[in-house]
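Here is how the chains run, residue by residue.
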Amino acid sequence: MSIFSELTEGLPRQAPGSASATLRALGLVRGLPTRPRILDVGCGPGAQTVELARATGGWIVAVDIRQRFLDELTERAAAAGILPQVTTVNTSMFEMDFADASFDLIWSEGAIYIQGFAAGLAAWRQFLKPGGWLAVSELTWLVPDPPSEAAEYWARNYPGMGSIERNCQIVAEAGYVSMDGFVLPVQDWWNNYYQPSERRVEELREKYADDRDALATLEETSREHDLFRAYHDAYGYVFYVMRNPPA
Ligand SMILES: C[S@@+](CC[C@H](N)C(=O)[O-])C[C@H]1O[C@@H](n2cnc3c(N)ncnc32)[C@H](O)[C@@H]1O
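The structure presented is a predicted model; accordingly, all values stated were derived computationally and were not measured. (Residues numbered from 1 in each chain as written. Predicted model: local features only at pLDDT ≥ 70, side-chain atom pairs only at ≥ 80, totals over all residues. Heavy atoms only, no water.)

1. Considerations on the overall build of the protein
- Scanning the protein from terminus to terminus reveals nine helices and eight strands.
- Relative to a compact globule of 247 residues, whose C-alpha radius of gyration would be 18 Å, the protein shows 18 Å and is just as compact.
- Each principal axis of the C-alpha atoms in the protein carries an extent, and together these give about 60 × 45 × 30 Å.
- A total of 247 residues make up the protein; the buried ones form 51% of that total. (Helix = DSSP H or I, 4+ residues; strand = E, 2+ residues; numbered from the N terminus. Rg over C-alpha atoms; globule rule 2.2 N^0.38 Å. Buried < 20%, exposed > 50% of the residue type's maximum accessible area, 1.4 Å probe, protein only.)

Now the structure itself:
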């Protein structure tokens, strides 16, 4: 197993988030049909997929390229009694070939950055019915002039990170309307994501005490935690909720 897999396997979420943030974002989506058709892009182990299935009673197609995450999602969905509502699809977000206008809602927590915020919004819109909704969470600068240590770190690790203003502009340019959203609370980074990850880093430091490459990877992960501890006022995850214009 790679060090990356060991760092991430079995963690409750693979990005900042929480059940309450998922439900808050869902609350900004208005007028869904009963049993909506939902596409969850980059679903990971599916904490949000299960919440969406429970809250909407809908049918969810959950897409990811890591089969072990899809297997974790299947286990969670079975435990939650919503397995019949979920179909997992092992494919890349770049290669999705669903029918045009086939979903009422597209969801993606912490994953649109892989395609790029602008490119993902533009490419995924074809799958939405007229009047359908899209909700994504995205790492975002919260201040115009972030501290240099944070700016340098994220320039290396996510050079495409935009500000809220820039991302709202991108949403409008991609043709969406009714834009709304919120910044994820700081505890949504720690409770389900960084704290379990910190515990995992400590375990793996012992296991890989003699492996210089593995220790460097663990050090970089810790650095990300420390950076957020110091600079969480400067950047955060923002949920962006928007609508494909009705016909
Ligand atoms: C940061 S994680 C977020 C996972 C989940 N949404 C969550 O919040 O826990 C990003 C996810 O995107 C998946 N991913 C990476 N590249 C992908 C691709 N090209 N197509 C689809 N999913 C991809 C990863 O396997 C991972 O599960």
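Having seen the model, we can carry on.
2. Observations concerning the packing of aromatic side chains
- One pass over the structure, following the stated rule, counts 18 aromatic pairs.
- Arranged with centres 5.8 Å apart and planes meeting at 70°, the rings of Tyr113 and Tyr158 form a pair that is edge-to-face. Residue Tyr113 is found in the loop between strand S4 (103-109) and helix H5 (117-124), and its partner Tyr158 is found in the loop between helix H6 (148-157) and strand S6 (162-163); the two are separated by 45 residues along the sequence.
- Residues Tyr193 and Tyr194 carry aromatic rings whose centres are separated by 5.1 Å and whose planes lie at 20° to one another, so their mutual orientation is stacked. (Phe/Tyr/Trp six-rings, centres within 6.5 Å; stacked < 30°, edge-to-face > 60°.)

3. Observations concerning helix H4 (residues 67-80)
- With 14 residues, H4 ought to run about 20 Å at 1.5 Å a step, and its terminal C-alpha atoms sit 20 Å apart, in line with that.
- Listing the buried residues of H4 in full gives Phe69, Leu70, Glu72, Leu73 and Ala77. For H4, the arc enclosing every buried residue in end-on projection is 155°, short of the 170-degree limit, so these residues lie on one face. Residues Glu75 and Ala79 are exposed on H4 and point more than 90 degrees away from its buried face.
- Considering only its buried residues, H4 is in contact with helix H1 (3-8), helix H3 (47-56), strand S2 (59-64) and strand S3 (86-90). (Expected span 1.5 Å × (residues − 1). Arc of directions from axis to C-beta. Contact = heavy atoms within 4.5 Å.)

4. Some details on the site of the ligand
- The immediate surroundings of the ligand are formed by 18 residues, with Gly42, Asp64, Arg66, Met93 and Glu109 found nearest.
- One nitrogen or oxygen atom from the main chain of Gly42 is found 2.8 Å from a nitrogen atom belonging to the ligand.
- Within the side chain of Ser92, an N or O atom sits 3.1 Å from a nitrogen atom of the ligand.
- For the ligand, the protein covers 92% of the area, taking 590 Å² as the surface of the free molecule.
- Among the residues forming the shell around the ligand, the class breakdown is seven nonpolar, seven polar and four charged. (Near = heavy atom within 4 Å. Polar contact = N/O pair within 3.5 Å; in protein donor to acceptor, adjacent residues only side chain to side chain. Areas by Shrake-Rupley, 256 points an atom, 1.4 Å probe, with all protein chains shown as cover. Nonpolar A, V, L, I, M, F, W, Y, C, P; charged D, E, K, R; others polar.)

5. Some points on H3
- For H3, a buried count of eight out of ten residues is recorded, marking the element as mostly surrounded by other parts of the structure.
- Along H3, the residues that are buried comprise Ala47, Gln48, Thr49, Val50, Glu51, Leu52, Ala53 and Thr56.
- On its buried face, H3 is in contact with helix H2 (19-27), strand S1 (37-41), S2, H4, S3 and S4.
- Just downstream of H3, Gly57 is the residue with a positive phi angle, here 70°.

6. Topic: the side chain of Thr56
- Following the sequence through the fold, Thr56 ends up in helix H3.
- Ignoring any residue separated from it by four or fewer positions in sequence, one finds Thr56 in contact with Leu26, Leu32, Arg35, Pro36 and Ile38.

7. What to know about the pattern of salt bridges
- In this structure the tally under the stated criterion is eleven salt bridges.
- A salt bridge links Glu203 to Arg200; its shortest N-O distance comes to 3.8 Å. Here the residue Glu203 and the residue Arg200 both occupy positions in helix H8 (residues 187-207), the gap between them amounting to three residues, near one helical turn.
- Of the residues examined, Glu203 reaches a relative accessible area of 51% and is grouped as exposed.
- Judged by its relative accessible area of 18%, Arg200 is buried.
- Arg205 is paired through a salt bridge with Glu219; the nearest N and O atoms lie 3.2 Å apart. Placement of Arg205 in helix H8 and of Glu219 in helix H9 (residues 212-231) is noted, with a sequence separation of 14 residues between them.
- For Glu219, a relative accessible area of 45% translates into the label partly exposed.
- Through salt bridges with shared partners, one network takes in Glu198, Asp226 and Arg229. (Salt bridge = Lys/Arg side-chain N within 4 Å of Asp/Glu carboxyl O.)

8. Observations concerning the confidence of the model for the protein
- Chain-level statistics for the protein give a pLDDT mean of 97 and a share of 100% at 70 or above.
- Ranking the helices and strands of the protein by mean pLDDT puts S1 first, with 99, and H1 last, with 91. (pLDDT = per-residue confidence, 0-100.)

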